[in-house]
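Single-letter residue listing:
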Amino acid sequence: MRGTLLAVRERARTQFHTERRHPAPSPIEPGQSLWRQVAGEVRWSFTPPALWLEGVGANVVLSGLFLLISPLTLHRHGWVVLVGVYFATFVLADVTTTNVLGVDADRTRLSLAAGVPVQRILVVKNLALLIIVGLPTLLATAVLTAKTSAHPMQRAGVSVADVALPILAWLGVGNIVSALLAVPPRALGRRWAARRDWRSTLPWLTHLVLPYGLYYFVAPIDGEQRAILGYHLGRSMPGDLRGAIHLGVGLAVWLAGTVLAVAVVRRRGLRMW
């Protein structure tokens, strides 16, 4: 195992320095506590070239620009929730979410070679995304709700659960898509040189377009939310019950997507396209 890990690490280091001239990746350290692994993943996410998060940053800018062009249609259940759902889904509509194992392919390979199971890798990367993207969105939702509601504490909890639903659902869907279509980063020059090889070009193009297609399905560009995944579930129910249902649905989708992703990798291995 040690010999295999060293060989994989050396190959990844050589490729990383040759193509990007940045520090070589290191695996998620096996044997550490979950939160130490997550902290290391967050640090690595901001280490240049930060390929894992560049799409998220771009989507933050795009979401703000598109909001100026096409303002949201406000709904009775609250503009705070609508804005939170809009930014959560738009920002996560990127290969960072749907290619979580492939965008950081070198680190993923090293982690697997080090003996870290794929389910642990997915959980670590999902929690890192929650900290970087989800937590700021949920905190902003809670603060805005508290400032605009007559019952701030009660309403804030419901609003946070409403916004947590699409975040958790995105992560679950992203896990299974990543297991099926893990695409490692390549220089555009290499992609162009291999453009006639459809076995690599078609998966690459598909993984770029797929997140935005899923985004349109969940939150179409016309501003109207789809009645799926509990967005309109139990509007006549008390707020606390509806919030619990939304949170439960989100967790169920995340868990199902993660279990399916692990099953795919165990059955056929992690294929990089």
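A short tour of the structure in this document, coming up. Note that the coordinates shown come from a computational prediction; the quantities given were computed from them, not determined experimentally.

A look at the packing of helix H3 (residues 51-69) against helix H4 (residues 79-92)
- In the contact formed by H3 and H4, the axes pass within 8 Å of each other and the chain directions differ by 135 degrees. The angle between H3 and H4 places the two elements in the oblique class. Relative to H4, the crossing made by H3 is right-handed. On H4, the residues touching Val 56, Asn 59, Val 60, Leu 62, Ser 63, Gly 64, Phe 66 and Leu 67 of H3 are Tyr 86, Phe 87, Phe 90 and Val 91.

Comments concerning the packing of H4 against helix H7 (residues 118-148)
- Interaxial distance between H4 and H7 falls to 9 Å at its minimum, and their mutual angle equals 170 degrees. As the angle between them shows, H4 and H7 are arranged roughly antiparallel. Here H4 and H7 pass one another in a crossing that is right-handed. Contacts between H4 and H7 involve Trp 79, Val 80, Gly 84, Ala 88, Val 91 and Leu 92 from the first element and Leu 129, Val 133, Thr 137, Thr 141, Leu 144, Thr 145 and Thr 148 from the second.
- Taken together, the residues of the contact of H4 with H7 break down into eight nonpolar, five polar and no charged.

Focus: helix H6 (residues 105-113)
- By the criterion of burial, H6 is predominantly enclosed, with seven of the nine residues buried.
- For H6, the complete set of buried residues consists of Ala 105, Asp 106, Arg 107, Thr 108, Leu 110, Ser 111 and Ala 113.

Each value, and the rule that gives it
Residues numbered from 1 in each chain as written. Predicted model: local features only at pLDDT ≥ 70, side-chain atom pairs only at ≥ 80, totals over all residues. Heavy atoms only, no water. Axes fitted to C-alpha atoms, helices over the stretch in contact; angles between N-to-C directions. Helix = DSSP H or I, 4+ residues; strand = E, 2+ residues; numbered from the N terminus. Parallel < 35°, antiparallel > 145°, perpendicular 65-115°, else oblique. Left-handed = near helix turned anticlockwise from the far one by under 90°. Contact = heavy atoms within 4.5 Å. Nonpolar A, V, L, I, M, F, W, Y, C, P; charged D, E, K, R; others polar. Buried < 20%, exposed > 50% of the residue type's maximum accessible area, 1.4 Å probe, protein only.

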